[in-house]
Amino acid sequence: MTFNTLGLTEPLLRAVSEQGYTTPTPIQLQAIPAVLSGRDLMAAAQTGTGKTAGFTLPLLQRLSIGERVQANSVRALVLTPTRELAAQVGESVAAYGKHLPLRSAVIFGGVSINPQMMALRRGVDVLIATPGRLLDLYNQNAVKFSQLEILVLDEADRMLDMGFIRDIRKIMALLPKRRQTLMFSATFSDDIRGLAQDLLHKPTFIEASPRNAAANTVRQWVHPVDQKRKPELLSHLVHHHGWEQVLVFTRTKHGANRVAAKLEQDGITAAAIHGNKSQGARTRALADFKQGTVRVLVATDIASRGLDIDQLPQVVNFDLPNVAEDYVHRIGRTGRAGANGQAVSLVSIDERLLLSGIEKLIRQVLPRETVEGFDLTSSISATTSGQHHSPTPTKPAAKTGFGTPQGKSALPAKQRSSRAGRQHRNLAG
Ligand code: AMP
C-alpha cells in the first residue's frame, strides 16, 4: 500500500515523499480516507503510530479548498495538552503543508502573548493550541471561531488527566455546531467515551493497535532493585550497554533534577525536562538530546508528552508512574513507527502494586532480570498481576520476589537467553 492510493492530492504526496515516508502506517491507512470523507473520527492511537500525519494530511487537503480565512479567524483548530506536542504538531503541519498556500500558527502558554496575537491578526488556516492560552487569546478578542470547519483533539486522554476538561468544554461552547471533529486518544476511559459522545457526531472508530496495548515492537523488562540504589544502577546500565540516547522517566520534578545531576557526576551528559523549567530551557534540552550532545534526557510524564524523537532506542522508567496508562505513553516514546525499541523499568519493592496494575493494563507479564551486584536485599512476595497469569501461583523468583510466571516473558526466548547470558540472571527462567 502506498500514499498514492489514499486519495491525497499532489502537493501533499510531494511533501510526504520529501519526508521520506514510503508506506502509510496502519493508523494513516484508516484515518486519511475517513477524514477526507468529512466524517467525525474517534481514533485509538498512541504517539509513535504516525497519527499526526494521519490527521494533518487529510485536514490540509480539506482546507485547500473552500473560503479564504478572514482576519483573526481560524479554519481548523488542533488542541493539544502540552506546549511540546503543540510545537511538534505545528512542525508537522508546516512540513506536510509546505506546497499548499495555507497559513498555520502554534500558540501555548509560558511565552509572551504578543507575537501570538500578531500571528493571528491575518487569520490562520490551522491553529495548534493548548487550551488555556487559546482561551486567553479569545478573551482578548484575538481569535474568532465563526469560520471554524475542523476541530482536532490530540491526546484527549492526557488533556483530561491534566485537568483541561473545563477549558475544553468552554472552547466547545464557542465553536460552530456544524464542523468535523476528530478525537485521538491513546487510552479509553469512561471519561473519554463520555466526551466523545458529547462532541462527536456518528464518528468512524479506528484503532491502530489493540486498546491499551504497548507497541509490540518494544522489548520490555524489569530490573528489581532497591530504591536507594536506582541512581547507581542507571549509571551502570548506561555505561555497561553504551546507551547513547536514553529517555529516563521520573515521577517528580525534583527526582528528574536529582537523577540528571547524579548522571552528570558519573560522567554521563544529562538534562532534565519538566514543568518548572522555562520553555527555552526545555526546547534547548530537547534539541541537545536530539543532536546527541546530551546523552540522557530525564523527564516527568507531563513534560514528555508528545516528544517526537525519531527512533529513540531506549526508555528507562526510573520510577513507575502512578497511573498505569502513563506506562503505555512512556514506552510509546520508543519503537515508533515500526522501529525497534527497548523499555526497562527499575522497580523497587514499594512499587510492586504499580507494576501489577501496569501488567494488568498491558496484559503482559514483564520479565524480571536482576543485574549482578544490584540484587534486592529484602525479600518480597511475588506480584499477582497481568490478566494472562497462569491460574496456579508461581514461585517467587529466588528470594527477591517479583516472580514472573514461566513462559510469560514478553521477550522471545532467544533474546531472553542472550541477554541473560550477557549480563543478567533471568529470574523468570
Ligand atoms: P506520531 O505518532 O505522529 O508522533 O509520529 C511518529 C513518528 O513517525 C514521527 O517521527 C513521524 O515523522 C514518523 N512517521 C509518520 N508517518 C510515517 C510513515 N508513514 N513512515 C515513516 N515514518 C512516519
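Residues numbered from 1 in each chain as written. Predicted model: local features only at pLDDT ≥ 70, side-chain atom pairs only at ≥ 80, totals over all residues.

1. Observations regarding the overall build of the chain
Next, step 1: The number of helices and strands found in the chain is 16 helices and 15 strands.
Next, step 2: Per-residue burial for the chain yields a buried fraction of 49% across its 429 residues.
Next, step 3: Of the contacts formed within the chain by residues at least 6 apart in sequence, a portion of 75% connects residues at least 24 apart. (Helix = DSSP H or I, 4+ residues; strand = E, 2+ residues; numbered from the N terminus. Buried ≥ 20, exposed ≤ 12 C-beta atoms within 10 Å, placed from the backbone. Contact = placed C-beta atoms within 7 Å.)

2. Remarks on helix 9 (residues 190-199)
Next, step 1: Restricting attention to buried positions, one finds in helix 9 the residues Ile192, Leu195 and Leu199. All buried residues of helix 9 fall inside an arc of 60 degrees around its axis, so they share one side. Those residues of helix 9 that are exposed and aimed more than 90 degrees away from the buried face are Asp190, Arg193, Gly194, Gln197 and Asp198.
Next, step 2: Where the residues of helix 9 are buried, they touch helix 7 (156-161), helix 8 (165-174) and strand 6 (180-185). (Arc of directions from axis to C-beta.)

3. Section: the nonpolar core
The tendency in soluble globular proteins is for nonpolar side chains to be buried side by side.
Next, step 1: One finds Met183, Val248, Leu297 and Val298 to be the most contacted residues of the largest nonpolar core, which totals 111 residues.
Next, step 2: Looking at this core element by element, the count peaks at six residues for helix 3 (residues 51-63).
Next, step 3: Formed jointly, this core draws a minimum of three residues from each of two domains, domain 1 (3-207) and domain 2 (218-425).
Next, step 4: Contact partners of Leu297, with chain neighbours within four places excluded, come to Leu247, Ala271, Ile273, Ala285 and Phe289. (Core = buried A, V, L, I, M, F, W, Y, C linked by C-beta atoms within 7 Å. Domains from an automatic or database assignment.)

4. Digging into the packing of helix 6 (residues 131-139) against helix 8
Next, step 1: Orientation of helix 6 relative to helix 8, taken along the N-to-C sense of each, is 45 degrees, at an axis distance of 9 Å. Between helix 6 and helix 8, the crossing angle belongs to the class labelled oblique. Regarding helix 6 and helix 8, the two cross each other, and that crossing is left-handed. Every residue of helix 8 that contacts helix 6 at Pro131, Gly132, Leu134, Leu135 and Tyr138 is listed here: Asp167, Ile168, Lys170, Ile171 and Leu174. (Axes fitted to C-alpha atoms, helices over the stretch in contact; angles between N-to-C directions. Parallel < 35°, antiparallel > 145°, perpendicular 65-115°, else oblique. Left-handed = near helix turned anticlockwise from the far one by under 90°.)

5. Some thoughts on the sheet that holds strand 11 (residues 296-299)
Next, step 1: Spatially, the six strands line up as an open sheet ordered 8-13-12-9-11-10, and their pairing is parallel. What marks the edges here is a single partner per strand, and that holds for strand 8 (218-224) and strand 10 (270-273). Strand-to-strand twist in this sheet, taken as the mean axis angle between neighbours without regard to direction, amounts to 20 degrees.
Next, step 2: In the sheet, strand 8 pairs with strand 13 (residues 341-347) via seven bridges, with the strands oriented parallel. Within strand 13, the position partnered with Trp221 by the bridge is Val344.
Next, step 3: The strands touched by helix 10 (residues 230-241) are strand 8, strand 9 (246-249), strand 11, strand 12 (314-317) and strand 13; relative to strand 13, the strand with the most contacts, the crossing angle is about 155 degrees. (Pairing = 2+ DSSP bridges.)

6. Details of helix 2 (residues 26-36)
Next, step 1: Listing the buried residues of helix 2 in full gives Ile27, Gln28, Gln30, Ala31, Ile32, Ala34 and Val35.
Next, step 2: Against the buried residues of helix 2 lie strand 1 (41-44), helix 3, strand 6 and strand 7 (204-207).
Next, step 3: Looking one or two residues past helix 2, Gly38 carries a phi angle of roughly 90 degrees, positive in sign.

7. Side note on the sheet that holds strand 2 (residues 74-79)
Consider a sheet: its strands pair through backbone hydrogen bonds, and that pairing is either parallel or antiparallel.
Next, step 1: Reading across the sheet, the seven strands line up as 3-4-2-5-6-1-7 and stay open at both edges, with parallel pairing between neighbours. Edge positions in the sheet fall to strand 3 (104-107) and strand 7, since each of these pairs with one other strand and no more. Neighbour-to-neighbour, the strand axes of the sheet open up by a mean angle of 15 degrees, direction not taken into account.
Next, step 2: Here strand 5 (residues 150-153) pairs with strand 6 via four bridges, running parallel. Bridge pairing in strand 6 places Leu153 opposite Met183.

8. Remarks on the pairing of strand 5
Two faces, one strand: in a regular strand the side chains alternate between the faces of the sheet.
Next, step 1: Residues Ile150 and Val152 of strand 5 are buried on one face, and the alternating residues Leu151 and Leu153, pointing to the opposite face, are buried as well.
Next, step 2: As paired elements, strand 2 and strand 5 share four bridges and run parallel to each other. Its bridge partner lying in strand 5, Ala76 is registered against Ile150.

9. Structural notes on unusual backbone geometry
Next, step 1: Look at Asn72: it is not a glycine, yet its phi comes out positive at around 60 degrees.
Next, step 2: Counting through the fold element by element, Asn72 comes out in the loop between helix 3 and strand 2.
Next, step 3: With a phi close to 55 degrees, Glu155 is a non-glycine residue in the positive phi region.
Next, step 4: Looking at the element boundaries, Glu155 is found in the loop between strand 5 and helix 7.

10. Side note on the environment of Arg158
Next, step 1: Position of Arg158 among the secondary structure elements: in helix 7.
Next, step 2: In sequence terms Arg158 and Asp326 are 168 residues apart; their C-alpha atoms lie 9.1 Å from each other.

11. A word on the confidence of the model for the chain
Next, step 1: When pLDDT is averaged along the chain, the result is 84; 82% of the residues meet or exceed 70.
Next, step 2: Segment residues 378-400: pLDDT under 50, and 56 contacts once partners within four positions in sequence are set aside and those in other chains are kept. (pLDDT = per-residue confidence, 0-100.)

12. A word on the environment of Met118
Next, step 1: You can see Met118 is positioned in helix 5 (residues 114-121).
Next, step 2: Between the C-alpha atoms of Met118 and Asn72, which are 46 residues apart in sequence, the distance is 9.3 Å.

13. Digging into the environment of Lys51
Next, step 1: Looking at where Lys51 falls in the secondary structure, it is placed in helix 3.
Next, step 2: Taking the C-alpha atoms as reference points, Lys51 and Ile32, 19 residues apart in sequence, are found 9.8 Å from one another.
Next, step 3: Those residues in contact with Lys51 that sit more than four places away from it in its chain are Ile27, Ala43, Ala45 and Phe184.

14. Section: the packing of helix 3 against helix 4 (residues 83-96)
Next, step 1: The geometry of helix 3 relative to helix 4 is characterised by a closest axis approach of 10 Å and an angle of 45 degrees between their N-to-C directions. Viewed along their axes, helix 3 and helix 4 adopt a mutual orientation that is oblique. Every pair of crossing elements has a handedness; the one defined by helix 3 and helix 4 is right-handed. For the pair formed by helix 3 and helix 4, the contact residues are Thr52, Ala53, Thr56, Leu57 and Leu60 on the first element and Val89, Ser92, Val93 and Tyr96 on the second.
Next, step 2: Looking at side-chain class alone, the contact of helix 3 with helix 4 contains six nonpolar, three polar and no charged residues. (Nonpolar A, V, L, I, M, F, W, Y, C, P; charged D, E, K, R; others polar.)

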